[in-house]
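Observations on chain architecture
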Amino acid sequence: MLLVSSIFLLLYRNSPKVEASRSEPVPIYLDNLLNAGRQVYDNQSPPVQHDKEEVTVVELAMYIEGMSSFRTQTMDFQLDVYFQQFWRDPRLAHNETRRVLVKDKAVLHKMWKPDVYFANARIAEFHEVTQPNFLVWIQPDGSILYDTRISMVVVCTLNLEKWPLDSQRCHLRILSYAYTTEQLVIKWKEDEPITRNPNIAMSDMHIVDLYPGLCDGNYSTGTWSCVTAEFFVKREITHHVMQSYVPTTLIVVISWFSFWLDVEAVPARVSLAITTLLTLSTQANAARMALPEVSYMKAIDVWMGACMMFVFGVMIEFTIVNYAQRQVMASSLESVKSGNAEKKPSRGDLGAHARHLFLRLRTNERQHLVEDPPEQIAMNDTAYDTAAPVVQPPQNEDAEAQEEVWAEQKETNLSEVWKESDPAERLAHWNEKENDASSPLMGNGRAHVRYGAAEKMKNRKCNDSSRKKEKWSSAIKQIQKHKRNGSVFGKIAGRNRAKKIDQTSRWIFPLTFIIFNLTYWIYYLYWKE
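If you're wondering where the values come from, they're calculated on a predicted model, not measured in any experiment.

1. Thoughts on the overall build of the protein
Each helix and strand counted, the protein has 10 helices and 16 strands in total. Burial statistics for the protein: of 529 residues in total, 36% are counted as buried. Of the contacts formed within the protein by residues at least 6 apart in sequence, a portion of 79% connects residues at least 24 apart. Total accessible area on the protein stands at roughly 31,700 Å², and carbon and sulfur atoms take up 55% of it.

2. Here we look at helix α2 (residues 28-35)
Buried within α2 we find Tyr-29, Leu-30, Leu-33 and Leu-34. Down the axis of α2, the sector holding all buried residues measures 140 degrees, keeping them to one side. Positive phi appears at Gly-37, one or two residues downstream of α2, with a value of about 105 degrees.

3. Description of the confidence of the model for the protein
Per-chain confidence: the protein averages 75 in pLDDT, with 64% of residues scoring 70 or above. Taken together, the stretch residues 1-21 has pLDDT below 50 and engages in 17 contacts with residues farther than four places along the chain or on a different chain. Per-residue pLDDT stays below 50 along residues 433-451; that stretch engages in 40 contacts with residues further than four places along the chain or on separate chains.

4. Looking at the sheet that holds strand β4 (residues 116-118)
Here we have 4 strands laid out as an open sheet, ordered β4-β8-β14-β11, and antiparallel in their pairing. Pairing within the sheet leaves two strands with one partner each, and these edge strands are β4 and β11 (205-214). Recorded for the sheet is a direction-independent mean angle of 20 degrees between the axes of neighbouring strands. Bridge count between strand β8 (residues 167-176) and strand β14 (residues 226-235): 9 bridges; the pairing is antiparallel. Within the sheet, the bridge partner assigned to Arg-169 lies in β14 and is Phe-232.

5. Describing the state of the cysteines
One pass over the full model with this rule turns up 2 disulfides. The residue that forms a disulfide with Cys-156 is Cys-170, at a sulfur-sulfur distance of 1.8 Å. When the S-S torsion is -75 degrees, as for the bridge of Cys-156 with Cys-170, the disulfide is left-handed. Here Cys-156, found in the loop between β7 (143-155) and β8, pairs with Cys-170, found in strand β8; they are 14 residues apart in sequence, far enough to count as distant. Considered together, Cys-156 and Cys-170 belong to a single accessibility category, that of buried residues.

6. Points about the UniProt feature "transmembrane region" (unreviewed entry) in the protein
Residues given the UniProt feature "transmembrane region" (unreviewed entry) here are residues 244-263, 270-291, 303-324 and 507-526. Across residues 270-291 one finds 86% helix and 0% strand; the C-alpha atoms that close the span lie 32 Å apart. From the first C-alpha to the last, residues 303-324 spans 31 Å; its make-up is 100% helix and 0% strand.

7. Thoughts on unusual backbone geometry
Of note, the amide linkage connecting Val-129 to Thr-130 takes the cis form, showing an omega dihedral of -5 degrees. Checked against the element boundaries, Thr-130 lands in the loop between β5 (121-126) and β6 (134-138). Note the cis peptide between Trp-163 and Pro-164, where omega equals 5 degrees. When you line up the elements, Pro-164 lands in the loop between β7 and β8. One non-glycine residue, Met-75, lies in positive phi territory at about 55 degrees. Unlike most non-glycine residues, Glu-192 shows phi in positive territory, near 50 degrees. We classify Glu-192 as exposed; its relative accessible area is 59%.

8. Examining the packing of helix α4 (residues 238-255) against helix α5 (residues 266-288)
Axis separation between α4 and α5 bottoms out at 9 Å; the angle between their running directions is 170 degrees. As far as their axial angle goes, α5 and α4 are roughly antiparallel. Contacts between α4 and α5 pair Gln-243, Ser-244, Pro-247, Thr-248, Ile-251, Ile-254 and Ser-255 from the former with Leu-272, Thr-276, Thr-279, Leu-280, Gln-283 and Ala-287 from the latter.

9. Section: empty space enclosed by the protein
Throughout the structure, instances matching the rule amount to 2 cavities of 30 Å³ or more. Volume-wise, the second largest cavity comes out at about 40 Å³. Residue lining of the second largest cavity: Val-26, Leu-30, Leu-34, Leu-92, Val-100, Val-102, Val-107, Met-111 and Ile-138, and that is the complete set. Breaking the lining of the second largest cavity down by element, the ones donating at least two residues are α2 and β3 (100-102). Partitioning the lining of the second largest cavity into residue classes produces 9 nonpolar, no polar and no charged.

10. Things to note about the pairing of strand β1 (residues 56-67)
Pairing of β1 with strand β9 (residues 184-188), which is carried by 5 bridges, proceeds in the parallel orientation. In the strand pairing of β9, Val-57 is matched with Val-185. Bridging between β1 and strand β2 (residues 76-88) involves 8 bridges; their strand directions are antiparallel. Residue pairing for β2: Gly-66 is matched across the bridge by Asp-80. Inspection of the sheet shows β1 paired to strand β10 (residues 194-196) by 3 bridges, in the parallel sense. Opposite Tyr-63, over in β10, you have Thr-195 as the bridge partner.

11. Section: the pattern of salt bridges
What the rule picks out here adds up to 14 salt bridges. Lys-189 is paired through a salt bridge with Glu-59; the nearest N and O atoms lie 3.7 Å apart. Residue Lys-189 is located in the loop between β9 and β10, and its partner Glu-59 is located in strand β1; the two are separated by 130 residues in the primary sequence. Of the residues examined, Lys-189 reaches a relative accessible area of 26% and is grouped as partly exposed. Each of Glu-59, Lys-187 and Lys-189 takes part in a single network of salt bridges with overlapping partners.

The rules behind these values
Residues numbered from 1 in each chain as written. Predicted model: local features only at pLDDT ≥ 70, side-chain atom pairs only at ≥ 80, totals over all residues. Heavy atoms only, no water. Helix = DSSP H or I, 4+ residues; strand = E, 2+ residues; numbered from the N terminus. Buried < 20%, exposed > 50% of the residue type's maximum accessible area, 1.4 Å probe, protein only. Contact = heavy atoms within 4.5 Å. Areas by Shrake-Rupley, 256 points an atom, 1.4 Å probe, with all protein chains shown as cover. Arc of directions from axis to C-beta. pLDDT = per-residue confidence, 0-100. Pairing = 2+ DSSP bridges. Axes fitted to C-alpha atoms, helices over the stretch in contact; angles between N-to-C directions. Disulfide = S-S within 2.5 Å. UniProt positions renumbered as here; feature names shortened; annotations may be inferred. Parallel < 35°, antiparallel > 145°, perpendicular 65-115°, else oblique. 1 Å grid on protein atoms, 1.4 Å probe; cavity = no way out; pocket = protein on both sides within 12 Å on 5 of 7 lines; lining within 4 Å. Points joined across faces, edges and corners; volume = space filled by probe spheres on them. Nonpolar A, V, L, I, M, F, W, Y, C, P; charged D, E, K, R; others polar. Salt bridge = Lys/Arg side-chain N within 4 Å of Asp/Glu carboxyl O.

Written out as structure tokens, the structure reads:
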């Protein structure tokens, strides 16, 4: 049977050539050749397997029909390509004037074809709808084109140090699985090996360029031929600018409103700082949700961290302002107290002053008692005579001793008053002690005064007491006013200090943020590769 088939094939090849407008899908003699078995056509061996000096060269080309977005969580991307392989098999040369088209999958399985595979493809599959998407062209000299449509998910280890300002270079590695470089060599076609659909558009990436490359590697089993298709893509940053950079910038600017709020508005300033800090933290968490957990710092991490530091700096600035204000107020109050302590009289001066005041009051009282002559007083149409002797100022030693006792008592009472902590309380108690120390005229003999003189003396004493109370009240008010003035001065000084710090922060924080922005964008867009 094998002999008959060989004779038929030779007769058919030597027969006259017939010109035709188009070739048959598969000539009968080729079908017979493929069905003749391994003794006639061995589909398990490369075309030049028996020629030790030559190797089978397979050229590759690829047309990219579609490409999906690069997923950072899984670090891969989808690819839809028309994959083309070119090689020459002299055993399939024919006498047709045009190329032979093979569309039958059964015929394809009877032919030898390269065993290339995609090394870093997670999933790869042929398209089968509505028919298997492949074709085989066989030229008269045995040159073969095998074209098929493949969809795959390609793994790409992304470098996210510049995310979302990054650009990525991903490679598709294509190797022969069973043949080493001694039997089969893979290489790209010389004329535009990688082309793409110009209408490809991705949501967050755009293709910059496509580069063919080689990746022959030495393994323990030998040297294997390998080629790569490099995809250079750049991330579109418009979405990230609008979703991440602009909102966080506005949050930082809003936190600066605290510098224009009154330093006494503690709830407003604290609430503003905490609210902006929490909002910024939420924005940072939302930006990180789409990213995998990596061990290095990304560009978005630097931005979010810097923005949080600026907002946290606003809180620190308010703490410093509040502390500085309280320190200045405390220093002012201490200086006022020190001035009052320096002006406080000594106990010796106080005693002398009290003794002098008491003697003057006693002399005035005695003069009031003796200045009215004896007279008759009409009361209820009745006259009463008071012929008793008028009391004279003490002239003996006992009276002088009594006056000294009163003076010492007065000094003791006033000294106890000055032990009080507050000047206003001291003056008030001093007034009470002095009123208590002012006793009626005392003597060894009995004093007999007329009823009218006693009433007159009582009225004068009331007037004197009212005048003294007014003097003490005026003195107390002056001291309290002095204290209030010292407190107000300290408060004003503290507010001025806090205001200066806020005014300085109004231009330091924006200027620092602008410098950070310039450094950040220049570094990640132009400097860092």
